[in-house]
Amino acid sequence: NAPDGRKIFSGWLNNWAYAQVLPTQKWRGALTSPRDLSLVHVGDSYFVRSRLSREIAALAGKSATAPPSTSDTVDISKALSFSPAVSLIEGTVEAKDFILRLGNKKGQHVLIGYQAKQNEFYVDRSQSGDTAFSPNFFPRNRAPRIGTGPVRFQVVADVSAVEVFFDEGLSVLTNLFFPDEPVSSVMLYSPDGLVKTDTLKITELKSIWK
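Let me begin by describing the structure that accompanies this report. Source: prediction; values computed, not measured. (Residues numbered from 1 in each chain as written. Predicted model: local features only at pLDDT ≥ 70, side-chain atom pairs only at ≥ 80, totals over all residues. Heavy atoms only, no water.)

## A look at the environment of Thr65
As a reminder, the rule being used: Strands here are runs of E lasting at least two residues and helices are runs of H or I lasting at least four, both read from the DSSP assignment and numbered beginning at the N terminus.
Checked against the element boundaries, Thr65 lands in strand S4 (residues 60-66). Placed 26 residues apart in sequence, Thr65 and Gly91 show a C-alpha to C-alpha distance of 9.6 Å.

Pasting the structure below:
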């Protein structure tokens, strides 16, 4: 419980489909970042909203912000004085096709994106590193969009995991990945031309371990 009475939850950051064969030596059952859950009414339906708990702000370090722009590519990693491998990435983007690419120097990457025609979000980890350890380690995961208007997102990157909160937690995707070296670049672009970006910010997250 939080001091203000909120119930804070964490999920199991794993999947029984491949939990016993993860390419790790020690850790095979981490928890997600802390989340606040609530029931919200959207249209004629009710949905569980999963928001990143504000306590995560205690881990914030340095940050960099890209100015609003209309462009085909925004490479925010050029302005960083810290590693984006453990970071919080936040943005507000026009509701058209876009991709947020988290990559390393070996060309391995995770793609986080939105497809307007299908009205769905996705995380593509097919080129993220080691994916051959299990046939059940699906390369692409999807979630329908429930919100409307510009797409708002928060991404928690933590070396070998991404937790993505779209539209203030109405759609959430959490995925493991196993790169050969940490993420070193963060780029947002549109595969179909220009995309309007209102905000794009990346903040270093410090370790909880002392």
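From this point, the discussion proceeds with the structure in view.
## Focus on the sheet that holds strand S11 (residues 140-144)
As a reminder of what qualifies: For two strands to pair, DSSP has to find at least two bridges joining them. Geometry is summarised by axes, namely lines fitted to C-alpha atoms with helices restricted to the contacting stretch, and by angles between N-to-C directions that run from 0 to 180 degrees.
Taking strand neighbours across the sheet as the criterion, the 6 strands line up as S6-S15-S8-S9-S10-S11 in an open arrangement whose pairing is antiparallel. Bordering the open sheet on either side are strand S6 (73-75) and S11, each of which pairs with just one other strand. With strand direction ignored, the average angle separating the axes of adjacent strands in the sheet is 15°. Bridging between S6 and strand S15 (residues 185-189) involves 3 bridges; their strand directions are antiparallel.

## As for the side chain of Asp167
Put simply, the rule reads: In this scheme, a residue with accessible area under 20% of its type's maximum is buried, one over 50% is exposed, and one in between is partly exposed, where area comes from a 1.4 Å probe on protein chains only. Should any heavy atoms of two residues lie within 4.5 Å, those residues are considered in contact.
The residue Asp167 is located in the loop between strand S13 (161-166) and strand S14 (171-176) in this model. Looking at Asp167, the relative accessible area reads 0%, which means it is buried. Discounting chain neighbours no more than four positions away, the residues touching Asp167 are Arg49, Phe121, Arg145, Gly147, Pro150, Val151 and Arg152.

## What to know about the nonpolar core
Note the cut-off: The criterion is simple. A nonpolar core is a set of buried Ala, Val, Leu, Ile, Met, Phe, Trp, Tyr and Cys residues joined through side-chain atoms within 4.5 Å.
Residues Ile89, Leu100, Ile112 and Phe153 are the most contacted members of the largest nonpolar core, which totals 32 residues. Contact partners of Ile112, with chain neighbours within four places excluded, come to Phe98, Ile99, Leu100, Leu102, Tyr122, Val123, Val155, Val164 and Phe166. Counting 8 residues, the second-largest nonpolar core is a separate cluster that includes Tyr18, Phe133, Ala161 and Leu176.

## Things to note about the pattern of salt bridges
Rules: Definition used for salt bridges: Asp or Glu carboxyl oxygen within 4 Å of a side-chain nitrogen of Lys or Arg.
Summed over the entire model, instances satisfying the criterion amount to 11 salt bridges. Ionic pairing is found between Asp4 and Arg6, a salt bridge with its closest N-O pair at 2.7 Å. Judged by its relative accessible area of 17%, Arg6 falls in the buried class. Between Asp167 and Arg145 there is a salt bridge, with its nearest N and O atoms 2.8 Å apart. Here Asp167 is found in the loop between S13 and S14, whereas its partner Arg145 is found in the loop between S11 and strand S12 (151-158), with 22 residues between them in sequence.

## Some points on a nonpolar patch on the surface
Note the cut-off: Grouping into patches uses exposed residues only, defined as over 30% relative accessible area, and leaves out salt-bridged ones; the cut-off is 9 Å for like charges and 5 Å for nonpolar side chains (Val, Leu, Ile, Met, Phe, Trp, Tyr). Reported accessibility uses the Shrake-Rupley method at a 1.4 Å probe radius. Residues are deemed covered only where the shown protein chains occlude them.
A grouping of Phe9, Leu37, Leu39, Tyr46 and Val48 is seen on the molecular surface, where their side chains present a nonpolar patch of about 550 Å² in accessible area. Elements with a contribution of two residues or more to the nonpolar patch: strand S2 (35-42) and strand S3 (45-52). Position of Leu39 among the secondary structure elements: in strand S2.

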